[in-house]
Amino acid sequence: MADISFPPMEQLQDLEYCIDSNPPWGTRLCFAAETILLAFQNYILMLGTSVMIPTLLVPAMGGSDQTGLYPRDRDTQIIIMTFGSYDQGDKARVIQTLLFVAGINTLLQALFGTRLPAVVGGSFAYLIPIAYIINDSSLQRIPEPHERFIQTMRAIQGALIVASSVQIILGYSQLWGLFSRFFSPLGMAPVVGLVGLGLFQRGFPALGNCVEIGLPVLLLVIGLSQVGNFSNVLASASLPPFAMTSICTLQYLKHIRPMRDVPIFERFPVIICVTIVWIYAVILTAAGAYRNKPSLTQASCRTDRANLISTAPWFKFPYPLQWGPPTFAAGHAFAMMSAVLVSMVESTAAYKAASRLAIATPPPAYVLSRGIGWQGIGVLLDGLFGTGTGSTVSVENVGLLGLTRVGSRRVVQISAGFMIFFSILGKFGAVFASIPFAIFAALYCVLFGLVASVGLSFLQFTNMNSMRNLFITGLTLFLGISIPQFFDEYLPHHGLVRTNAGWFNAFVTTIFVSSPTVGLIIAVFLDNTLEVEKSKKDRGMPWWVKFRSFRGDNRNEEFYTLPFNLNRFFPPT
């Protein structure tokens, strides 16, 4: 038995850079290039969500992705002068604004929030409340599409501004930190796992809409990121000649290092795979391979369907209230609060995964609350600038930390600079934003799975020979996937909850279509009610309890202390 035992390890192995051991900078050109490319890789990855959300929402709001001619009739001209420019590529402007605010939020979170290497971007959790606002009868009665888009955007802004107060209060009052005292390794393992597994619909089902583009990306990213493991293991196996040829190629790739001491295929799999298959997709599009295909296939495969390059301005600086003054409605705000609560749960689980992949301690309650508070500030910025959605931690970028084995905070901070830079220079950002979504879906298959496995790794600190623990873990994972799937099936039919209060319907549905939120409710309830006192050791509490407070572990100060000596003014509580 001693030969097959693996003692629990607080830190993962085989990671090159942890949260505060940054890639070398400034001493040699190759090291500077490594840092910049790693940051650019984070930027490329978060484009998938940043483009997909406006693609879904803007047309439903009445916005356009075309640049039209100025109308001649006087009535429409009056509307333009009152509500803004006509038909000026609304989707491109929303994407630019979303990227700009994501860059600001990422920088704020990495500097003053949890200080973990986590990218903060647009969230799918807000889609149901936003859909409720879009379908508001008072907005649907507006006949002119662009006017309806502007008024809907203002209503979304008002709801986000009000709802952000919930997150700000729960964060800065330390109430979320107090609630986190009910967490344990047993409870958080399935919840973090569900952050990845719960997004399965954005993986292979989306890849399947364009297999000829998505599948090569999936195979390439697996092959390149694991090139060393494949070549070492398979080289000794007895395989057919064609397989041996592939192994020889892997062995050759393993030793190709244009930048000395930097394994480029293992460090930059996203950039390499996206570039190769993107060019392939451009060739297929130019050759007319999708000319007579269904609209879903064309939207997933073509590189020219988004109309982003033609409609994006060369230079546009997003600014607060650019769509006009927000409008406020109680029902809209209450519906949006559900998405804020869901994003808090999802971000909390993502922070736990990011800390493990960055070789940091689990964020203590004070740091977790501080991060949630700053995330609330981020949602407030979303409302002021008009991004069309709220913010949460990007799960795919957390998975990238493990894929590249780089958990550096500096890399994420520089990636925030890329987001801001390319959002201002619209044409250049639009070029990268035209990458087909099937490419991102293939990357999600790997990255979401990696985050899920990181969550399950917390089980090593628990007793998995306990039937109590097996029951809680299994039930949480199963219901965390099954319940959201049940609610999701009713979404095309106006949802499962159908009361006269539309905001209540949106509130309940938003909560129960989120796998991590359902998982947290089940796991925390069962873990804190079933034989709690007898099972402290089985739950992993002897290891977990020291990370509850900021001074419970000496390493917390190294990882989470605020910069510029700000801890003097904001001491940990």
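Throughout this description, residue numbers start from 1 for each chain and increase along the sequence as written. Reporting of local features is limited, given that this is a predicted model, to residues whose pLDDT is at least 70; pairs of side-chain atoms are given and counted only at 80 or more, and all residues count toward the totals for whole chains, interfaces and linings. Here the side-chain values reflect all heavy atoms present in the structure, with hydrogen atoms and water set aside.

Under an unreviewed UniProt entry, the protein has the name Nucleobase-ascorbate transporter 1 and belongs to Carnegiea gigantea.

Take a nonpolar patch on the surface next. On the surface, Trp314, Phe315, Phe317, Tyr319 and Phe428 cluster together into a nonpolar patch covering about 630 Å² of accessible area. Relative accessible area serves as the criterion here: at 46%, Phe317 is assigned to the partly exposed category. Patch definition: residues with relative accessible area over 30% and no salt bridge; like charges joined within 9 Å; nonpolar side chains (Val, Leu, Ile, Met, Phe, Trp, Tyr) joined within 5 Å. Every accessible area reported is derived by Shrake-Rupley at a probe size of 1.4 Å, with residue values counting cover from the shown protein chains alone. Salt bridges are defined by distance alone: a side-chain nitrogen of Lys or Arg within 4 Å of a carboxyl oxygen of Asp or Glu. Any residue under 20% of the maximum accessible area for its type is buried, any over 50% is exposed, and the rest in between are partly exposed; the area is computed with a 1.4 Å probe on protein chains only.

Before going further, it helps to spend a moment on the packing of aromatic side chains. To pair, rings of Phe, Tyr and Trp, with the six-membered ring standing in for Trp, must have centres within 6.5 Å; the planes then decide the type, stacked if under 30 degrees apart, edge-to-face if over 60, and tilted in the middle. With the rule as written, the count across this model stands at 27 aromatic pairs. On the basis of an interplanar angle of 50 degrees and a centroid distance of 6.2 Å, the ring pair of Phe179 and Phe182 is categorised as tilted. Exposure remark for Phe182: the relative accessible area of 42% places this residue in the partly exposed category. One aromatic cluster is present, built from ring pairs that chain together Phe40, Tyr43, Phe418, Phe421 and Phe422. Should the NZ of a Lys or the CZ of an Arg lie within 6 Å of a ring centre and within 35 degrees of the ring normal, that charge is described as sitting over the ring. It is Arg356 that lies over the ring of Phe458; its NZ or CZ is 5.8 Å from the centre.

Glancing now at the state of the cysteines. Only a pair of cysteine sulfur atoms within 2.5 Å qualifies as a disulfide here. Applying the stated criterion to the full structure yields one disulfide. Here Cys210 engages in a disulfide with Cys301; their sulfurs sit 2.0 Å apart. Sign of the S-S torsion, about 135 degrees for the bond between Cys210 and Cys301, identifies this disulfide as right-handed. Of this pair, Cys210 sits in the loop between α9 (204–207) and α10 (211–225) while Cys301 is found in helix α15 (residues 295–301), placing the two residues 91 residues apart along the sequence. With respect to class, Cys210 is no different from Cys301; both count as buried. Under the scheme used here, helices are H or I runs from DSSP no shorter than 4 residues and strands are E runs no shorter than 2 residues, and both carry numbers assigned from the N terminus.

So, about the pattern of salt bridges. Inspection of the entire model under this criterion finds five salt bridges. Taking the shortest distance from any N to any O, the salt bridge between Glu34 and Arg267 comes out at 3.3 Å. You can see Glu34 sitting in helix α1 (residues 29–61) and its partner Arg267 sitting in helix α13 (residues 264–267), a full 233 residues away along the chain. One salt-bridge network, held together by shared partners, links Arg468, Asp527 and Arg539.

Quick look at unusual backbone geometry now. Even without a glycine there, the phi angle at Arg115 is positive, about 70 degrees. Assignment of secondary structure puts Arg115 in the loop between α3 (90–112) and β1 (120–122). Phi at His494 takes a positive value of approximately 70 degrees, unusual for a residue other than glycine. For His494, the location among the structural elements is in the loop between α23 (467–489) and α24 (502–512).

Here the focus is the nonpolar core. The biggest cluster of nonpolar side chains holds 135 residues, and the ones touching the most others in it are Tyr43, Ile44, Tyr126, Ile213 and Met336. Note on definitions: a residue-residue contact is assigned when non-hydrogen atoms from the two residues lie within 4.5 Å. Setting aside residues no more than four positions away along its own chain, Tyr126 makes contact with Leu160, Gln167, Met336, Ala339, Val340, Ser343, Val379, Thr389, Gly390 and Ser391. As used here, the term nonpolar core means buried Ala, Val, Leu, Ile, Met, Phe, Trp, Tyr and Cys residues forming a set that is joined through side-chain atoms within 4.5 Å.

For every residue, the predictor states its confidence as a pLDDT score lying anywhere from 0 to 100. The predicted model of the protein averages 85 in pLDDT, with 86% of residues at 70 or higher. With pLDDT under 50 throughout, residues 67–87 is counted as low confidence; its partners more than four residues away or in other chains account for 31 contacts.

Following the sequence through the fold, Ser347 ends up in helix α17 (residues 330–357). For the purposes of these results, a polar contact is taken to be a pair of N or O atoms within 3.5 Å, where, inside protein, one atom must be able to donate a hydrogen and its partner to accept one; residues adjacent in sequence count only when each atom of the pair is a side-chain atom. Among the polar contacts made by the side chain of Ser347, one reaches the side chain of Gln375 at a distance of 2.8 Å. When sequence neighbours within four positions are dropped, the list of residues in contact with Ser347 reads Gln375, Thr392 and Val393.

Multiplying one less than the number of residues by 1.5 Å gives the expected span of a helix. With 28 residues, α17 ought to run about 40 Å at 1.5 Å a step, and its terminal C-alpha atoms sit 40 Å apart, in line with that. In terms of residue burial, α17 counts as a mostly covered element, since 25 of its 28 residues are buried. Backbone geometry just downstream of α17 places Ile359 in the positive-phi region, at approximately 55 degrees.

Let us now look at the side chain of Thr509. Along the chain, the position of Thr509 falls in helix α24. Once you skip the residues sitting within four places of it in the chain, Thr509 turns out to touch Ile128, Phe487, Leu491 and Val497.

A packed helix pair is summarised by two numbers, namely the angle formed by the two axes and the spacing between the axes. Running from N to C, helix α4 (residues 127–134) and α17 point in directions that differ by 165 degrees, and their axes come no closer than 8 Å. In terms of their interaxial angle, α4 and α17 are classed as roughly antiparallel. Every pair of crossing elements has a handedness; the one defined by α4 and α17 is right-handed. Touching Pro129, Ile130, Tyr132 and Ile133 of α4 are Gly331, His332, Ala335, Met336, Ser338 and Ala339, all from α17. Each residue receives one of three labels: charged for Asp, Glu, Lys and Arg, nonpolar for Ala, Val, Leu, Ile, Met, Phe, Trp, Tyr, Cys and Pro, and polar for the others, Gly being one of them. A per-class count over the contact of α4 with α17 returns seven nonpolar, three polar and no charged. Between N-to-C directions, angles cover 0 to 180 degrees, with each direction set by a line fitted to C-alpha atoms, over the stretch in contact for helices. Note on angle classes: values under 35 degrees are labelled roughly parallel, values over 145 roughly antiparallel, values of 65 to 115 roughly perpendicular, and the remainder oblique. Less than a right angle of anticlockwise turn of the near helix away from the far helix marks a crossing as left-handed, whereas a clockwise turn marks it as right-handed.

Take the environment of Gln375 next. Topologically, Gln375 is positioned in helix α18 (residues 365–385). With 32 residues separating them along the chain, Gln375 and Ser343 place their C-alpha atoms 9.3 Å apart. If sequence neighbours within four positions are ignored, Gln375 has contacts with Gln109, Gln167, Ser343, Ser347, Tyr351, Ser391, Thr392 and Val393.

Turning our attention to the environment of Ile95. Secondary-structure assignment places Ile95 in helix α3. Between the C-alpha atom of Ile95 and that of Val51, which follows or precedes it by 44 residues, the distance is 6.1 Å.

Moving on, we get to the environment of Arg539. Residue placement: Arg539 occurs in the loop between α25 (515–527) and α26 (541–544). Classification of Arg539 by relative accessible area gives buried; the value is 5%. With 356 residues separating them in the primary sequence, Arg539 and Phe183 have C-alpha atoms 9.9 Å apart. In contact with Arg539, other than residues within four places in its own chain, are Phe182, Ser184, Pro185, Leu186, Thr462, Arg468, Asn469, Asp527, Asn528 and Val532.

This brings us to the packing of α17 against helix α19 (residues 395–404). Where α17 contacts α19, the two axes come as close as 9 Å, and the packing angle between them is 15 degrees. Comparing their axes, α19 and α17 come out roughly parallel. Once α17 is placed against α19, the crossing between them reads as left-handed. Mapping the contact onto sequence places Ala350, Ala353, Ala354 and Leu357 in α17 and Val398, Leu401 and Gly402 in α19. Looking at side-chain class alone, the contact of α17 with α19 contains six nonpolar, one polar and no charged residues.

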